[in-house]
Amino acid sequence: MDTQSATTAASGPIARLRGLAARMLGGTSEASVTRRLAGTIFIIRVISAAIAYLAQILLARWMGGSDYGIYVYVWTWVLLLGSIMDFGIAASAQKIIPEYRTAGNHALLRGFLSGSRWMTLTTSSVIALLLAGLIRLLSPWIDADTIVPLYIGCLMLPPFVIANTQDGIARSHDWMQLALMPQFIVRQGLIIGLTAGALALGLHLGATLAMAASAAAVYIAAISQMIVLNRRLAAHIEPGEKAYDIRGWLAISLPILLVESFYMLLSYTDVLMLQQFRPSEEVGVYFAVVKTLALVSFIHYAMSATTAHRFAEYNALGDRDRLSAYVAHAINWTFWPSLLATATLLMFGKPLLWLFGPKFVGGYDIMFVAAIGLVVRSAIGPVERLLNMLGHQRICATAYAVAFLMNVGLCFALVPRYGGMGAAAATSLSLTFETILLFYVVRARLGLHVLAFGKARPAL
């Protein structure tokens, strides 16, 4: 942690607030830079959460319980598939780009910056077409009101995947605003604006129209991000020869894809299982609970996005002490803010849920169960990124796979009988088990203590 002067010129609440701000934003060390970047990411995610929260409240009130449940179901599939259809390139970019820069492989760097996006666009388009064909084959067994929204979901997958890939590239250059704002602020704002415009025109806002508005928002945000990213890369990297190591990219990315896939499956299994066993209205209530607790996961996300490429850089430089201290810093700044955010959300949970509608307050008890897993998971910080960046993707994927299978089994056992409460319990138990596995994996493979409390660690 940054050292501070022992003397102070003033006292009182204002001086203490100024001191806190100076500690958070000042300094030039890795810790200070990380806090500033993580703070930027967190602020963007909080603003986006407020916009998304408003969007979900408006959609729930404008659409009604059944249509909103269908929309949530299809949008969950888009989030799940769109996050894994890049073959892990979005995450591996934070390992590949720093390593190319450190080694001075500029031709490979230029090739990756362009080739990775063309590769993910092509593959995601092919997969989207195959999924549309699968929906066509299964249409006799799919609810009629869900079929068209599912087709629209397939249509938005390619730009969704490209946006994720560009997110990873921008993060690797510390362009956090460019990485996150198109997806989390511009896109959400467009969804609100387009659906509100449809209502103003007197159109019936059902699940189909809401998905069409969301698809338009995804396309606009992804294309805008691409234009700005290309301009920044052109100014940042000199033109020259391009080399393509697709086999090498996939060798790094595919194991990370397994990690990301099982993580996404673990994150969305509860919502998808609820849709199979419970009414759409109950899915909507549970989704509102998940959205309310999203602030906790944003903290973990912010630290993961900020630290991943630095884990790779310090490892490439062979600086073990610097890496160990940086990991300790990342864990502390994940757990304690997460704990505070959880307590705050639980305190104001009822009025927040009431914003969705009076019937959504019934999900308040579920919040306490769902929060347990998030707090436990934050106690080891972004260690999955650490393992991925240091070449231990396979063991990390194994841990996530075991946790996912555990979650599926628990959901089958608990959701039919207990509904949303059962889904929350299954997810929290699975996250707790996953945390224990990752703790022992990092200690065994890397020799690092990755718990926010207990054993003393060096400071930055």
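Residues numbered from 1 in each chain as written. Predicted model: local features only at pLDDT ≥ 70, side-chain atom pairs only at ≥ 80, totals over all residues. Heavy atoms only, no water.

A. Broad picture of unusual backbone geometry. The backbone phi angle of F87 is positive, close to 60°, even though this residue is not glycine. Looking at the element boundaries, F87 is found in the loop between helix 3 (65-82) and helix 4 (89-103). (Helix = DSSP H or I, 4+ residues; strand = E, 2+ residues; numbered from the N terminus.)

B. Here's a closer look at the pattern of salt bridges. The full count for this structure, using the stated rule, is five salt bridges. D167 is the salt-bridge partner of R171, the closest N and O atoms lying 2.5 Å from each other. Taken as a pair, R171 and D167 lie in helix 7 (residues 157-172) at a separation of four residues, close to a single helical turn. Comparing R171 with D167, the two get one shared label, buried. R278 is the salt-bridge partner of E282, the closest N and O atoms lying 3.0 Å from each other. Salt bridges sharing common partners tie together R377, E384 and E434. (Salt bridge = Lys/Arg side-chain N within 4 Å of Asp/Glu carboxyl O. Buried < 20%, exposed > 50% of the residue type's maximum accessible area, 1.4 Å probe, protein only.)

C. Geometry of the packing of helix 7 against helix 12 (residues 294-317). At a closest axis distance of 8 Å, the pairing of helix 7 and helix 12 adopts a crossing angle of 60°. In terms of crossing hand, the pair formed by helix 7 and helix 12 is right-handed. Side by side, helix 7 and helix 12 meet where D167, R171 and S172 of the first sit next to Y301, A305 and H309 of the second. (Axes fitted to C-alpha atoms, helices over the stretch in contact; angles between N-to-C directions. Left-handed = near helix turned anticlockwise from the far one by under 90°. Contact = heavy atoms within 4.5 Å.)

D. Representation of the packing of aromatic side chains within the structure. According to the stated counting rule, one finds ten aromatic pairs in the structure shown. Their ring planes at 5° and their centres at 6.4 Å tell us that Y71 and W75 sit as a pair that is stacked. In this pair, Y71 and W75 both sit in helix 3, four residues apart, roughly one turn of the helix. W75 shares its class with Y71; the two are buried. Members of the aromatic cluster, joined through ring pairs, are Y71, W75 and F160. (Phe/Tyr/Trp six-rings, centres within 6.5 Å; stacked < 30°, edge-to-face > 60°.)

E. Fine view of helix 17 (residues 393-418). In a regular helix each residue adds 1.5 Å, so 26 residues correspond to 38 Å; helix 17 covers 35 Å between its end C-alpha atoms and thus fits that length. Of the positions making up helix 17, those classed as buried are Q393, C396, A397, A399, Y400, A401, A403, F404, N407, C411 and V415. Among the structural elements, helix 10 (246-277), helix 15 (364-378), helix 16 (383-389) and helix 18 (420-446) are those in contact with the buried residues of helix 17. G419 sits one or two positions beyond helix 17 and adopts a positive phi of about 60°. (Expected span 1.5 Å × (residues − 1).)

F. Focus on the confidence of the model for the protein chain. Residue-level pLDDT values for the protein chain average 83, and 89% of them are 70 or greater. By mean pLDDT, helix 1 (residues 13-25) is the weakest element of the protein chain at 45, and helix 5 (residues 106-138) is the strongest at 94. Note on residues 16-28: pLDDT under 50 across the span, and 15 contacts to partners over four residues away in sequence or across chains. (pLDDT = per-residue confidence, 0-100.)

G. Quick peek at helix 18. An ideal rise of 1.5 Å per residue puts 39 Å on 27 residues; helix 18 measures up with 38 Å between its terminal C-alpha atoms. Count one or two residues on from helix 18 and you reach G447, which has phi positive near 70°.

H. Region of the structure containing the nonpolar core. Ranked by size, the top nonpolar core spans 68 residues in total, and within it M63, Y68, Y71, M156 and F356 carry the most contacts. Considering every element that reaches this core, the biggest residue donor is helix 3, with ten residues. Aside from chain neighbours lying at most four places away, what touches Y71 is Q56, L59, M63, I191, A207, A210, M211 and S214. (Core = buried A, V, L, I, M, F, W, Y, C linked by side-chain atoms within 4.5 Å.)

I. Spotlight on the side chain of K95. Secondary-structure assignment places K95 in helix 4. The class for K95 is buried, based on a relative accessible area of 8%. At a separation of 2.9 Å, a polar atom in the side chain of K95 contacts the main-chain carbonyl oxygen of M389. In this view, K95 contacts I252, A312, N388, M389 and G391; residues no more than four positions away in its chain are not counted. (Polar contact = N/O pair within 3.5 Å; in protein donor to acceptor, adjacent residues only side chain to side chain.)

J. Summary view of a nonpolar patch on the surface. On the surface, a cluster of nonpolar side chains totalling about 420 Å² of accessible area is made up of L155, Y219, I223, I227 and V228. Positionally, V228 belongs in helix 9 (residues 207-236). (Patch = residues over 30% accessible without salt bridge, like charges linked within 9 Å, V, L, I, M, F, W, Y side chains within 5 Å. Areas by Shrake-Rupley, 256 points an atom, 1.4 Å probe, with all protein chains shown as cover.)

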